[in-house]
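Survey of secondary and tertiary structure
This is what each chain is made of:
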Amino acid sequence: MRNTILVVDDNEIARQLLRGILEDEYNVVDAVNGELALDILNSGKVHVDVLIIDIMILTMDNYQLLSTIRCSKPYSMTPIIVSTEKAEDESELTALNLGANDFIHKPFHALIIRHRINNLVNLSLANSYIEQLQEEKEILRISEEQYRIASSAGGRMTACYDILTNTYYTSNKPLTNYQFGKEIHNMPQSIIDKGIIANECIDDYMSFYERMCSGQSPVSVDIYLQIEPNVYRWERCDASILFSDDGQPSKAIIVYTDITEQREKEAIYIKWHQALLSKPLNSYTLYRCNLSQDMTHKSLEGLLLNKELFSDDLTFNQQVMEYATQFVHPNDRETYISVVNSDSLLANYHRNKRMEIIEYRELTAKTRWIRLTIELVEFPNSTDIEAYLMFEDIDQVKNEEIRSKELAEQDPLTGLLNRTAFAHKVNQIIQQNGCSEHAFLMLDIDGFKPLNDAFGHAAGDQTLINVAGILRSLIRSEDIVGRLGGDEFMIFLTDATYKAAIEKKAREICNMTRRAFNTGVFISSSIGIATYPQDGQNFEMLYHNADNALYRVKASGKDSFAFFSRQESSHY
């Protein structure tokens, strides 16, 4: 390929002479002044390998042509020859200072001109080749460094940032599902403009790039970025800076590490401590354990539980058993042990259940309610599972809750269960113990209206309270008793297998509630009985059939009891 020479001379004859001398070996283009010469250089239509400029047009105003060419990156190293009719030391010195490489004198000597141009072209080619080798060497150095860093990244995402061109090059895999291509220009603004970086991380992300450009190494930043719509991950960016031969930062190799789980674990720990700041020390105890290794850490915070219970000599499961056996209420102990053990917690973790909450009664100087919250996380840089156990004193809140529930379930006069609560408990017992036989007793006080009329409502209310007390005294702890309203009561006998036992209980109730008053008023009890499952499979069916049996007792003389009979009930 022939090299191109640009001749800049306002003398047409001089331009023609130079064209005639050079056009056998070179492509020759010309311009009559510096302005046209710059137009040719900037047009990009031809690549100029050598410039020949007539010094006579290089007035002090036109010396700008030389300095402009030398400041232009494509032609900063292009050879420039100044032509002159006679030696003028001052002009030549000015031209040299502005970047000229050689001189030729008029009238032109063809052999000298060709010789000097050939020397400059060959020198320029040699310099270009050396420059190219240096660039290739730098590229190889950067590639080797990038490969070394990428290899040490262990499969993590890596990228290269060209500090000089402000261009970002992706490498082994994309950082997000948003498509950017292999090159991203105008970094970091291009990423920020896409809305990928969370707002709270933008300032840190900008600072990360500023520190890279200033040559700080290594530098890092944690960013929260959107990998797909509405899905964010935490990434740690670690950058190593590569420097050019003159000591300037030129490239940065960036390694990305997904730290989402680590940040979540840190957030859990921070959450615990933030929650503890407002709590008195004697209201909680927090400790950690390694479930996978069945061991506890030597870290116990708060004064709620006795620290001596958590001996370092015991494994986690041993501690659980020791504590449950000594201090957990017998009614809550089985549940506590079944939940708080490493096997159960690890199984839940692998089923993606990362939290357990139980409430139990602790036996110390007095019985108190404790809430235990267990959160499960994976150890950093490990597959072991860690548990955070938070014990909190909820005694006051729990007792208020129980009291409120009792008030909502109780008949306000007698303290027995109201109809709603009684029905719920009956159905609950049937659901939990549906294979057993049970008995539903419906009780009505005979003569209650004459008693009210004779002695007033206060006496009537006291009679209802007395009857409620009698019924409580005659049933077992597993049975339930409630007041339907007015002078009607309900009893549910669980595991009532034998009819004779039910009859005995009904007879005892009748005997205990029978009473005569001096005014001639007499009260007694009439009882209707329905059995599960023969007479009904839920509260409503049992209630209906027991009421039907009660109606028969009332109709046949009162002060007695009767079992539901489908045959006899058809007569009423």
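Heads up: the structure comes first, above all this text.
Throughout what follows, the structure given in this document is the object of discussion.

What follows concerns the overall build of the protein chain. On a plain count of helices and strands, the protein chain comes out with 18 helices and 22 strands. Within the span of the protein chain, comprising 572 residues, buried residues form 44% of the whole. Considering only contacts in the protein chain between residues 6 or more positions apart, those separated by 24 or more positions represent 55%. Here the protein chain has roughly 31,000 Å² of accessible surface; of this, 50% comes from carbon and sulfur atoms.

As a further point, take the sheet that holds strand E1 (residues 4-8). Strand order across the open sheet formed by 5 strands is E2-E1-E3-E4-E5, with parallel pairing between neighbours. Each having just a single partner strand, strand E2 (27-31) and strand E5 (102-105) make up the two edges of the open sheet. The sheet shows a mean angle of 25° between the axes of neighbouring strands, direction not considered. By the bridge criterion, 4 bridges tie E1 to strand E3 (residues 50-54) in an arrangement that is parallel. In the strand pairing of E3, Leu6 is matched with Leu51. Contacting E1, E2, E3 and E5, helix H1 (residues 12-22) crosses the sheet at an angle of about 170° to E2. The strands touched by helix H2 (residues 34-43) within the sheet are E1, E2 and E3, with E1 carrying the most contacts at an inclination of about 160°.

Under the criterion given, the structure shown has 14 aromatic pairs. Taking the centre distance of 6.2 Å and the plane angle of 70° together, the rings of Phe422 and Phe539 count as edge-to-face. A residue pair is termed long-range when its members are at least 10 positions apart, and Phe422 in helix H13 (residues 419-432) and Phe539 in helix H17 (residues 539-555) qualify at 117 residues. Across the pair, Phe539 and Phe422 agree in class, each one buried. The cationic tip of Lys398 hangs over the ring face of Trp369; the distance from NZ or CZ to the ring centre is 5.1 Å. One Lys or Arg, Lys499, reaches over the ring of Phe563 and ends 4.8 Å from the middle of that ring.

Going through the model one piece at a time under the given rule, you end up with 26 salt bridges. One salt bridge connects Glu359 with Arg371, and the closest N-O pair in it is separated by 3.5 Å. Taken as a pair, Glu359 in strand E14 (residues 355-363) and Arg371 in strand E15 (residues 367-378) lie far apart in primary sequence, 12 residues in all. Judged by its relative accessible area of 31%, Glu359 is partly exposed. The closest approach of N and O atoms between Arg483 and Asp411, which form a salt bridge, is 3.2 Å. Of this pair, Arg483 sits in strand E18 (residues 480-485) while Asp411 sits in the loop between helix H12 (395-409) and H13, and the two are 72 residues apart along the sequence.

Burial in helix H10 (residues 330-339) covers these residues: Asp332, Tyr336 and Val339. Across the axial projection of H10, the buried residues extend over an arc of 65°, all falling on one side. Set apart from the buried face of H10 by more than 90 degrees, the exposed residues are Pro330 and Glu334. Buried residues along H10 sit in contact with helix H9 (316-327), helix H11 (342-350), E14, E15 and strand E16 (385-393).

Okay, the environment of Ala387 next. Along the polypeptide, Ala387 turns up in strand E16. The class of Ala387 is buried, set by a relative accessible area of 0%. Spatially, the C-alpha atoms of Ala387 and Leu346 are 9.5 Å apart, while their sequence positions differ by 41 residues. Beyond its immediate chain neighbours, meaning those up to four positions away, Ala387 contacts Tyr287, Arg288, Cys289, Leu291, Ile374, Glu375 and Leu376.

Residue Pro188 follows Met187 across a cis peptide bond; omega there is 5°. With respect to the secondary-structure elements, Pro188 resides in the loop between strand E8 (183-185) and helix H6 (189-193). Between Ser217 and the following residue, Pro218, the backbone shows a cis peptide bond with an omega angle of -5°. A positive phi angle is found at Asp495, which is not glycine, with a value near 50°. The topology assignment puts Asp495 in the loop between strand E19 (488-493) and helix H16 (499-513).

Glancing now at the nonpolar core. Core analysis: the biggest nonpolar cluster contains 30 residues, and Leu441, Phe489 and Ile527 have the highest contact counts within it. Of all the secondary structure elements, the ones that give two or more residues to this core are strand E17 (438-446), helix H14 (448-455), helix H15 (457-474), E19, H16, strand E21 (522-532) and strand E22 (561-563). Among the elements that make up this core, the one with the highest residue count is H15 (6 residues). Listed in part, the 28 residues of the second largest apolar core include Ala159, Tyr161, Ile192 and Phe208.

What counts and what doesn't
- Residues numbered from 1 in each chain as written.
- Predicted model: local features only at pLDDT ≥ 70, side-chain atom pairs only at ≥ 80, totals over all residues.
- Heavy atoms only, no water.
- Helix = DSSP H or I, 4+ residues; strand = E, 2+ residues; numbered from the N terminus.
- Buried < 20%, exposed > 50% of the residue type's maximum accessible area, 1.4 Å probe, protein only.
- Contact = heavy atoms within 4.5 Å.
- Areas by Shrake-Rupley, 256 points an atom, 1.4 Å probe, with all protein chains shown as cover.
- Pairing = 2+ DSSP bridges.
- Axes fitted to C-alpha atoms, helices over the stretch in contact; angles between N-to-C directions.
- Phe/Tyr/Trp six-rings, centres within 6.5 Å; stacked < 30°, edge-to-face > 60°.
- Lys NZ or Arg CZ within 6 Å of the ring centre and 35° of its normal.
- Salt bridge = Lys/Arg side-chain N within 4 Å of Asp/Glu carboxyl O.
- Arc of directions from axis to C-beta.
- Core = buried A, V, L, I, M, F, W, Y, C linked by side-chain atoms within 4.5 Å.

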